[in-house]
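Chain residues, written in single-letter form:
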Amino acid sequence: MSKRFVAAIVASCFCVLAYGQDDSIGPKSDHYIGIQANQLIKQILNFSNSNPAIDNPYLLTYAVTSRRTGSGLSIGLGYNFNETSDGDAISRRETEINDFSLRVGYEKKSSLGKRWMVGFGADIIIDKDKNVTVNINDSEFNKSNIETISTAKGFGLGPRLSLNFKITDRIMLGTEATYYFRRVKNSFAVNSTITTMEFDPNTGNTFPVTRTDHTETSDKTKRLQFSVPAVLFLTVKF
Amino acid sequence: MKTRTLLLSLLMLALFCNACKNDDPELQTAYLELPGQPLDYGQFNDHIPTLGRVLFYDPQLSVNNSVSCATCHKQVLAFSDNTALSKGFENRLTTRNSMPIQNLAVSSFGIPASLFWDGRENNLRQMVMRPIVNHIEMGISDPEVLARKLSVVPYYRDLFKNAYGTEEVTSAGIAEGLSSFLASITSTNTKFDRHNFQGEKLTALEEKGKALFIGTYDCNACHQVQNPSGYIFAGTFSNIGLEDNYADNGLENTTGHRSDAGKFKIPSLRNVMLTAPYMHDGRFSTLEAVMDHYSEGIEDHPNLDPRLRSATGEPLNMHIPEDDKTAIIAFLNTLTDTHMITDPKFSNPFKAR
């Protein structure tokens, strides 16, 4: 069974290769799938032990371009899910972070000599980040259970420029710079339940009082952001 | 065969679920432990830094009671953090590495030192409120909201009464208490200080490192280690060629001048052995990596510090031999102040039981 499975994979790979190389009967477009490869390349080449900040959220890219004109559709997708539970002896915090980023746009690719390929285009971008954090505290004076929910919904557009080095005919290593205008609506909500010990002067006793509260704020921001070519994409053409 | 595979898969799944099981222990109750009389902070009214000490360690300064100032500024690390980018109240990463806190009140020629990596503040009382109202760090919407929040906490009524003679909790009192506490955190008892002022001997390796630091490689041109704050002229910033195109432009974000792009505050090297990782974004995990940068890794940049250019104008990669790096690091170790990082008057007053 496993031999058949491996054989099927190998056969399909050859099919893809053959499909990609035959212009006369094949489709009129090239497909590119890219993946963010900074960490991988750092591991392989052992560049340095530094960790510069990366602000490109698109982990996976896909482009389909016409073989004749070099222009076509480009998509970028990024999704991060992070669940953390931390704290100390007197406090416990649980966080769930969901960050989603999508871009769809037009792109035109052109070859610069045998080894280089430059691309330029424009994208529409949509992103949504949500963070839910619950923190539980216990102190001599109060016990608190506070949930914060922050969301950021962004929408924007802007130009993109990319440069790829062809390691082989099918495998490329490249980077990109973007200059996106982004409009973001941020909202922040706090749900709190706090129990404090109050003093009753009539009886001389203390007693617990629990208060619940909900607050919500929101704001809108606009920004024009230049993203430097700090991210490397490993792209496969097929 | 299929049954065995299925059973094995179920066993693995059970083990995985068990590993993920939430087995957090019960929380302990926090209580505040302060001496009857305030500790000696060397200030006119030591009740004010005492109030600041409680505020500094109190997670109620964040919107969800999850982080305090001390979360990112740990005493044992010279009030820095041992992570490249610290996490805020929602576990979101901040954008810069936490700077150590020490000798903040030291100014040169009466000029207050610039604060933060990008020098966006030079007033300590205003600086202490910035992380509190930052939407990633502590998330409080307004200093007045914090004052109202703390005014129902019984111990703050007492602490404010002691400090200011009134139980009213105010944002101005919070700022003064915190800044007074931070100003009291001083580092003046390193081996290098004792060498300079009391004649304590350095080892041969440390002496070699000192000569290399001050002489051969002229590190002292920027990091003037003989000065408690680290530099003679307050407010110095430098572009040290970390990138040819910075993602974070540092001082330019404050001044708006393109000529300030990539410039960051030159940090004091006091306790530098404790404050890893290094640089504004914590990119270097070790001092060896920092030395490698100055040795071979300086990138050209239009704003590169002229002290880091050779006579021909090229980036000055210093090609520091391994032996010299070892000696310089040995010397830097003489800048560690073990007294400051264990001093009870800077320690956490909240205990658990």
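Now for a look at the structure at hand. (Residues numbered from 1 in each chain as written. Chains lettered and ligands numbered in written order. Predicted model: local features only at pLDDT ≥ 70, side-chain atom pairs only at ≥ 80, totals over all residues. Heavy atoms only, no water.)

### Quick look at the overall build of chain A
Step number 1: When helices and strands are counted, chain A shows 2 helices and 9 strands.
Step number 2: When its helices and strands are written in sequence order, chain A yields α-β-α-β-β-β-β-β-β-β-β.
Step number 3: Each of the 238 residues in chain A was classed as buried or not, and the buried ones make up 34%.
Step number 4: Of the contacts made within chain A by residues no fewer than 6 positions apart, 65% connect residues no fewer than 24 positions apart.
Step number 5: In the structure as shown, chain A presents an accessible area of about 14,200 Å², 62% of it carried by carbon and sulfur atoms. (Helix = DSSP H or I, 4+ residues; strand = E, 2+ residues; numbered from the N terminus. Buried < 20%, exposed > 50% of the residue type's maximum accessible area, 1.4 Å probe, protein only. Contact = heavy atoms within 4.5 Å. Areas by Shrake-Rupley, 256 points an atom, 1.4 Å probe, with all protein chains shown as cover.)

### Section: the interface of chain A and chain B
A common measure of how large an interface is: the accessible area buried when the components associate.
Step number 1: Every contact between the two is made by 39 residues of chain A and, on the other side, 37 residues of chain B.
Step number 2: One can count 2 salt bridges joining chain A with chain B.
Step number 3: Asp99(A) is the partner of Arg92(B) in a salt bridge, and the nearest nitrogen-oxygen pair spans 3.3 Å.
Step number 4: Applying the counting criterion to the chain A and chain B interface returns 16 residue pairs in polar contact (both at pLDDT 80 or more). (Salt bridge = Lys/Arg side-chain N within 4 Å of Asp/Glu carboxyl O. Polar contact = N/O pair within 3.5 Å; in protein donor to acceptor, adjacent residues only side chain to side chain.)

### A few points about helix α12 (residues 322-332) of chain B
Because the α-helix completes a turn every 3.6 residues, residues three or four places apart line up on one side.
Residue and element names in this part refer to chain B.
Step number 1: Judged by how many residues are buried, α12 sits mostly within the fold: 8 of 11 residues are covered.
Step number 2: Asp324, Lys325, Ala327, Ile328, Ile329, Ala330, Phe331 and Leu332 are the residues of α12 that are buried.
Step number 3: Where α12 is buried, its residues contact α8 (191-198), α9 (204-216) and α11 (287-297).

### Details of the pairing of strand β5 (residues 116-138) of chain A
Residues and elements named next belong to chain A.
Step number 1: Examined bridge by bridge, strand β4 (residues 91-112) and β5 share 22 bridges and lie antiparallel to one another. Directly across from serine 111, in β5, lies its bridge partner methionine 117.
Step number 2: Here β4 hands over to β5 after 3 residues, with glycine 113 in that stretch at a positive phi of 70°.
Step number 3: Remark: 3 residues form the turn of the hairpin made by β5 and strand β6 (residues 142-166), two consecutive strands paired antiparallel. (Pairing = 2+ DSSP bridges.)

### Focus: the nonpolar core
Step number 1: Ranked by size, the top nonpolar core spans 49 residues in total, and within it Phe56(B), Leu61(B), Tyr156(B), Ile174(B) and Leu178(B) carry the most contacts.
Step number 2: Contributing elements (two or more residues each) for this core: β7 (171-200) of chain A together with α2 (47-57), α3 (69-72), α4 (124-127), α5 (143-150), α6 (154-164) and α7 (171-184) of chain B.
Step number 3: Among the elements that line this core, the one with the most residues is α2(B), at 6 residues.
Step number 4: In contact with Leu61(B), not counting residues within four places along its chain, are Leu55(B), Cys69(B), Ile132(B), Met138(B), Ile140(B), Leu146(B), Leu150(B), Tyr156(B) and Leu178(B).
Step number 5: Formed by 32 residues, the second largest nonpolar core is a distinct cluster that contains Trp117(B), Phe213(B), Leu242(B) and Phe264(B). (Core = buried A, V, L, I, M, F, W, Y, C linked by side-chain atoms within 4.5 Å.)

### Quick notes on the pattern of salt bridges
Residue and element names in this part refer to chain A.
Step number 1: The tally for this structure, following the rule as stated, stands at 31 salt bridges over all chains.
Step number 2: For arginine 103, the salt bridge identified is with aspartate 123, shortest N-O distance 3.9 Å. Of this pair, arginine 103 sits in strand β4 while aspartate 123 sits in strand β5, and the two are 20 residues apart along the sequence.
Step number 3: Relative accessible area serves as the criterion here: at 2%, aspartate 123 is assigned to the buried category.
Step number 4: A salt bridge links glutamate 176 to arginine 103, with the shortest nitrogen-to-oxygen separation between them at 2.8 Å.

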